[in-house]
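A look at the structure
Here's the letter readout for the chains.
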Amino acid sequence: MEELKDKSLHLTAEKLAEELQKMDIYNEFYEDLQMLAASQDVSIDDFKKTLVQAVNIGSMETNLRNAVFHWLRSHGNNKQIVVRDEITSRESLDYLRKAQITWERRIQKSLESMCEEIGINLSCLRSSADRDEMLQKWNELSTYNTSLERLRPVYAPKDFLEVLFSLHNPNYRMISDDMIWDFTYLPLKVKTLPELRHHYRDLATADLLLGLTCCQCLTTLSCGSTSQGEQERIALGEKVLQHQHAPVCQEFLKLGAPRSLRGKLWAQILGSSVKTSEQHYSELKQRVLHFDMLIDKLITKDVQLTACNDDQYFVFEDVLHQIMLCFTRDTDVLSVFNNSTSHPILTSLKGKPPIEAIYPPNGIIPFHGFTMYAAPVCYLFNDPVPLYYTFRAFYLRYWFRLHVISSHPQSILGLCILFQRLLQRHETKIWSHFMSHNIHPIRVVFKWIMKGFSGHLLPEQLLNLWDMVIAYDSLEVLPLLAVAILSFRKDNLLQVNTLQNVDSVLVDLSSLNVMSLLQLALKGPIKM
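As annotated in an unreviewed UniProt entry, the protein carries the name Rab-GAP TBC domain-containing protein and is attributed to Acyrthosiphon pisum.

Comments concerning the overall build of the protein
In terms of regular secondary structure, the protein is built from 24 helices and six strands. Sequence separation of 24 or more characterises 78% of the internal contacts of the protein that already satisfy a separation of 6 or more. As presented, the protein carries roughly 25700 Å² of accessible surface, and 52% of it is formed by carbon and sulfur atoms.

Quick notes on the environment of glutamate 162
Among the secondary structure elements, glutamate 162 is positioned in helix α7 (residues 157-165). The partly exposed category is assigned to glutamate 162, whose relative accessible area is 39%. Distance in space between the C-alpha atoms of glutamate 162 and arginine 443 is 9.7 Å, their sequence separation being 281 residues.

With respect to the pattern of salt bridges
Taken as a whole and assessed by the stated rule, the structure comprises 19 salt bridges. A salt bridge links glutamate 427 to lysine 490; the shortest N-O distance between them is 3.4 Å. Of the two residues, glutamate 427 is situated in the loop between α17 (412-426) and α18 (428-436) and lysine 490 in helix α22 (residues 490-493); the sequence distance between them amounts to 63 residues. Summarising the burial analysis for this pair, glutamate 427 and lysine 490 share the class buried.

Describing the packing of aromatic side chains
Applying the stated rule across the entire model yields 25 aromatic pairs. Ring plane angle 55 degrees and centroid distance 4.8 Å describe the contact between tyrosine 200 and tyrosine 472, whose orientation is recorded as tilted. Pair noted here: tyrosine 200 is in the loop between α8 (193-199) and α9 (201-205) and tyrosine 472 is in the loop between α20 (459-471) and α21 (477-488), with a separation of 272 residues, a long-range link. Judged by its relative accessible area of 0%, tyrosine 200 is buried. Look at tyrosine 472 and you get buried, because its relative accessible area is 5%. Across the ring face of phenylalanine 252, the terminal group of arginine 233 is positioned such that the distance to the ring centre comes to 3.8 Å.

Scoring rules and cut-offs
- Residues numbered from 1 in each chain as written.
- Predicted model: local features only at pLDDT ≥ 70, side-chain atom pairs only at ≥ 80, totals over all residues.
- Heavy atoms only, no water.
- Helix = DSSP H or I, 4+ residues; strand = E, 2+ residues; numbered from the N terminus.
- Contact = heavy atoms within 4.5 Å.
- Areas by Shrake-Rupley, 256 points an atom, 1.4 Å probe, with all protein chains shown as cover.
- Buried < 20%, exposed > 50% of the residue type's maximum accessible area, 1.4 Å probe, protein only.
- Salt bridge = Lys/Arg side-chain N within 4 Å of Asp/Glu carboxyl O.
- Phe/Tyr/Trp six-rings, centres within 6.5 Å; stacked < 30°, edge-to-face > 60°.
- Lys NZ or Arg CZ within 6 Å of the ring centre and 35° of its normal.

Structure below.
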């Protein structure tokens, strides 16, 4: 037994060593190890023992522990990958996999038809004059001249919702063509409310939880004074950050983040702090300057239609242009397809000779509102480099699941099913009222869930919500909050009988306190 245990540990160590070499921190870690091995702390007479001791004394042990922590999180995200005949199948249900492929072809056809209508290429080299103008206006890209009148978003959340509604399980026989209320034809397992209470037990039982009070300044995210409890949390948070241990930061975040420390905590937990990041960001900028893509115009239009029309985010227009354009060129984002059921689009790019390539380089086609995944992060950083890498890490860990068809419990489909089952079982009056008036509940909240509530909640409340996403490493808090909001507005909802009027009741969420709603939902039956 001991021999088997030792072999298992050896194989695990080998696997970890192999995986660490693929991480962004590997080169930095390797250089630090070489310098440590050449230092006076390591003796050539007892090299192995003194090297291990030197690693344990310095910060390298913490960096190594953090690397293992991030690998384990991403490895846990990969639980559904199944190997068949040396081909990795990321989705076990054939009809969902086929639906995703059909959806991707539809997106590709939409892109290509848009190019033909407008008469532009998917990608081409910028002229030297265009490149110089963009470089000159890099910090004021909102003033960069580009024609967007004939452009339209490739798709919007409502289009994707229709695709989800059209899914058909071949093993389920439809009795009638009536409206299906709870995706019962999709046999996906989701958590029950007791299971959610167990998962979020620290949130449910906490007495001192940042974000519970409404005295915070909601527009500028700054306040003239802080409470005694918040001061204590800041002091404790600074001690936690000094140790730079990601799992400890994650535990600290479960009780809320002080505004002044939120950016550092997120970066530590998400692993977005890398020394070489500035150089890579500069390379991405050069790619933006050298290549003009249709996606650039779609991104620019999305920024204008979303963040620029929002009182809370319009001031970040220029930096959003920068980081979103760089994001489209970042081939490191392609790693998301190792965990996703989706595939990057392969298309023929004009040239001599024409070549087949992934388009765009990061493989992600933005939908209407995609920019709102990045906009709230602008409140956390003054420098676009850490802002970019924290947004990218958040997307690679969580947001990619919200616009692909998958049976993963954290996917948009799993979250929709979780929302509907929670509503049906714990808010039967709202469910029955919607059903009697032919209002599909998921149509009411889908835009909230797909965009992580970005653009719907005030920034401070939204950041409190995203704290919980990172702290508990789960998107299930999104449908839980959606049910809590409907429950909170129940009296008004029961007085209206059309989807349009329901939307009117829920259009303004500025008065809501996210942490209070989540605690009320988790402490007992959702009765508010």
